[in-house]
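Observations on the three-dimensional arrangement
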Amino acid sequence: MGRPSLRSFTSMVCIAFLVWSSSSFESCIARSGRRHWRRHDGDNGLSASLSKKKPKSHGSSSHHHHNGGPSKKAPPSAPAKAPNSPAPSSKPPKHVPVASPAPPPPPPTAATPAPLKDSLTFNVLDFGATGDGKCDDTKAFQAAWAAACKVERSVMLVPEKYQFLVGPISFSGPYCQKGITFQVDGTIVAPMNSNAWGKGLLQWLEFSKLVEITIQGKGTIDGSGSVWWQDNPYVEPDNLAPQIIPLDNSTLLQKHPPPLQTELSSKMPSTKPTAVRFYGSLNATVTGITIQNSPQCHLKFDNCIGVMVHHIRVSSPGDSPNTDGVHLQNSRDVLIHSSTLGCGDDCISIQTGCTNVYIHDVNCGPGHGISIGSLGRYNTRACVSNITVKNVNMHNTMTGVRIKTWQGGSGSVSGIMFSDIQLTEVQFPIVIDQFYCDKSTDNLPCIDISLTSIELKPLQEKYHLYDPFCWATYGELNTPTTPPIECLQIGKPTSNRPQTDHDTC
């Protein structure tokens, strides 16, 4: 679509159907600690992500014994799975049922979840963690997880007022009990020593093959990404970036200073890790925490069913390379809301295999907006369907909402709705790009594009407003737009060929 800058953008609906083809840490001795567990009374609060109560602090580091066993109380229900409808819905997707239908999600003003009670709590301090930000606490985290993994509805506590230096670690099932909560009230920081990463890893903190796993709290997960950004400045091709220049030759993106080199830091591997990754998990929730300065993506969900992300904060500089806020792939029944995401790439990236994704009440900026794709790279097949993005504010981003595909790929993008999007100082408000990094031709047009109530205006006397651009794009204008989009062709192409088996999703 076109390349205008704007001051505001209201109530836009875009339903698109696309088919395309052809080292190690500083040495220190952690204090020893006995392994303890403790019990809290009251409701277990597993579905805290749906509660309106403000949580109590879990920051206590007392080491007293309390007798008792795991809670036997049945868990509250998780959301039920929504039908896989090809058409977008204004209602959020449902999760896979666990017991009974869940209550509606909280309003945007809701706080972090209610306190977890009736649970066994495993404090990392009780397993030898020092929490001084200098000693390696990885083994203490591993030991605390091993204990929590055995107990249903347990809590692994990262207490407040401590900073824990933790290397790459996997909190994994599938033999862990369900309903574990990873309570982050303190700070977890990644090592800046290259020896801790070997030849490179794809993730730092991984949660895999878990059921009803929750990460929550008021703490921070800090990926120490600056040393990675300096050593590996490569950015995935994004052919829009160099095309917009303010009239005063300034930049929309804020530059961050070079990272401070320490005696521990050295050249980092070329493979940069994601800060927090979920893989193959059912009913995963992330709420309350801050994730910042990730070497690459901040929060990723891969092959997950039933994802809820709300009231989180992502923070990295606008020019930090490939630092997507939330990245989704091969996941379904996803709800993201009431969060603030600022990074150096897409605030939310939706990749192949995603369906039933509902995003609302999100603030994005800096970054590259909310994107579907890129899809179909290296002649691959990609399918995305039933995506709703509404009531989103974007400020100081390169793009607003977009769909991007590579030539040579196959598959489809269908049932997409972008509505009630407010944008300020955004270079490219709406983009549907089937020539992502132009390398070859593509003879399949965009069809069934519907445009309603679009108003795009430049920031006065500062930026140039480009005319809308379309190529082989068919659909309908339901209302007049500002500026006029004369390149959109009404109806459908007469030569549009039907999908082949290879294209069908």
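Residues numbered from 1 in each chain as written. Predicted model: local features only at pLDDT ≥ 70, side-chain atom pairs only at ≥ 80, totals over all residues. Heavy atoms only, no water.

Notes on the overall build of the chain
Secondary structure assignment for the chain yields 2 helices and 30 strands. With 505 residues in all, the chain has 57% of them scored as buried. Approximately 20,700 Å² of the chain is accessible, and the part contributed by carbon and sulfur atoms is 52%. (Helix = DSSP H or I, 4+ residues; strand = E, 2+ residues; numbered from the N terminus. Buried < 20%, exposed > 50% of the residue type's maximum accessible area, 1.4 Å probe, protein only. Areas by Shrake-Rupley, 256 points an atom, 1.4 Å probe, with all protein chains shown as cover.)

Looking at the packing of aromatic side chains
Evaluated as defined, the whole model comprises 10 aromatic pairs. Aromatic side chains Phe122 and Phe127 sit 6.5 Å apart centroid to centroid with 45 degrees between the ring planes, which places their arrangement in the tilted category. By the burial criterion, Phe122 is buried, and Phe127 matches it. Taking the centre distance of 5.6 Å and the plane angle of 65 degrees together, the rings of Phe141 and Phe164 count as edge-to-face. One end of the pair, Phe141, is in helix H1 (residues 138-148); the other, Phe164, is in strand S6 (residues 163-165), and 23 residues separate them in sequence. What makes Phe141 buried here is its relative accessible area of 1%. (Phe/Tyr/Trp six-rings, centres within 6.5 Å; stacked < 30°, edge-to-face > 60°.)

Considering the pattern of salt bridges
Scanning all chains against the criterion turns up 10 salt bridges. The salt bridge partner of Glu152 is Arg153, with a shortest N-O separation of 3.6 Å. Classification of Glu152 as partly exposed rests on a relative accessible area of 28%. The exposure class of Arg153 is buried, given its relative accessible area of 2%. Close ionic contact of Arg402 with Asp346 constitutes a salt bridge, the shortest N to O distance being 3.3 Å. You can see Arg402 sitting in strand S25 (residues 399-405) and its partner Asp346 sitting in the loop between strand S20 (332-342) and strand S21 (348-350), a full 56 residues away along the chain. (Salt bridge = Lys/Arg side-chain N within 4 Å of Asp/Glu carboxyl O.)

A closer look at the state of the cysteines
Here the structure, examined in full by the defined rule, presents 3 disulfides. Linked covalently through their sulfurs, Cys470 and Cys487 form a disulfide whose S-S length is 2.1 Å. Every disulfide takes its handedness from the sign of the S-S torsion; for Cys470 and Cys487 that torsion is 40 degrees, giving right-handed. Linking Cys470 in the loop between strand S28 (446-451) and strand S29 (473-477) with Cys487 in the loop between S29 and strand S30 (489-490), this pair joins segments that are 17 residues apart in sequence. (Disulfide = S-S within 2.5 Å.)

A word on the UniProt feature "active site" (unreviewed entry) in the chain
In the numbering used here, UniProt assigns the feature "active site" (unreviewed entry) to His368. Along the chain, His368 turns up in the loop between strand S22 (354-364) and strand S23 (370-375). (UniProt positions renumbered as here; feature names shortened; annotations may be inferred.)

Overview of the confidence of the model for the chain
Taken over all residues, the pLDDT of the chain has a mean of 77, while the share at 70 or more is 66%. Segment residues 1-27 is flagged for pLDDT under 50; beyond a separation of four residues in sequence, or across chains, it makes 160 contacts in the model. Segment residues 95-118 is flagged for pLDDT under 50; beyond a separation of four residues in sequence, or across chains, it makes 92 contacts in the model. (pLDDT = per-residue confidence, 0-100. Contact = heavy atoms within 4.5 Å.)

Some words on the nonpolar core
Counting 95 residues, the largest nonpolar core has Phe141, Phe278 and Phe301 as the members making the most contacts within it. The greatest single-element share of this core, amounting to 7 residues, is contributed by H1. For Phe141, the contacting residues outside a window of four places in its chain are Val124, Met156, Val158, Phe164, Val166, Ile169, Phe171, Phe182 and Ile188. (Core = buried A, V, L, I, M, F, W, Y, C linked by side-chain atoms within 4.5 Å.)

Comments concerning the environment of Pro480
Position of Pro480 relative to the elements: it lies in the loop between S29 and S30. Considering only alpha carbons, one finds Pro480 and Thr452, 28 residues apart in sequence, at a separation of 7.6 Å.

Here we look at the environment of Gly223
Relative to the helices and strands, Gly223 resides in the loop between strand S12 (220-222) and helix H2 (226-231). Since its relative accessible area comes to 1%, Gly223 is described here as buried. The sequence separation of Gly223 and Asn293 amounts to 70 residues, and the corresponding C-alpha distance is 5.1 Å.

Some details on H1
Taken across its 11 residues, H1 has 8 buried, putting it largely inside the fold. Those residues of H1 not exposed but buried are Thr138, Ala140, Phe141, Ala143, Ala144, Trp145, Ala147 and Ala148.

Focus on the pairing of S20
Here S20 lies mainly inside the structure; 9 of its 11 residues are buried. The pairing of strand S17 (residues 305-310) with S20 spans 5 bridges and is parallel. Residue pairing across strands places Ile305 opposite Arg332, the latter belonging to S20. Bridge analysis of strand S18 (residues 313-315) against S20 gives 3 bridges, and the strand direction is parallel. What sits directly across from Arg313, in S20, is Thr340. As defined by bridge partners, S20 adjoins S22 across 8 bridges and the pair is classed as parallel. (Pairing = 2+ DSSP bridges.)

Focus on the sheet that holds strand S19 (residues 326-329)
Strand order in the open sheet formed by 9 strands is S7-S10-S13-S16-S19-S21-S23-S25-S27, with parallel pairing between adjacent strands. Each end of this open sheet is capped by a strand with a single partner; those strands are strand S7 (169-172) and strand S27 (428-433). Looking at each pair of strands side by side, their axes are set apart by 15 degrees on average, direction ignored. Sheet analysis places strand S16 (residues 299-302) next to S19, joined by 4 bridges and oriented parallel. Its bridge partner lying in S19, Leu299 is registered against Val326. (Axes fitted to C-alpha atoms, helices over the stretch in contact; angles between N-to-C directions.)

A word on unusual backbone geometry
The peptide bond linking Gly173 to Pro174 adopts the cis configuration, its omega dihedral lying at 10 degrees. Along the polypeptide, Pro174 turns up in the loop between S7 and strand S8 (181-184). Put simply, Gly365 and Pro366 share a cis peptide bond, and its omega is 0 degrees. Relative to the elements of secondary structure, Pro366 occurs in the loop between S22 and S23. In the Ramachandran plot, Lys161 falls in the positive-phi region, its phi being about 70 degrees despite a non-glycine side chain.

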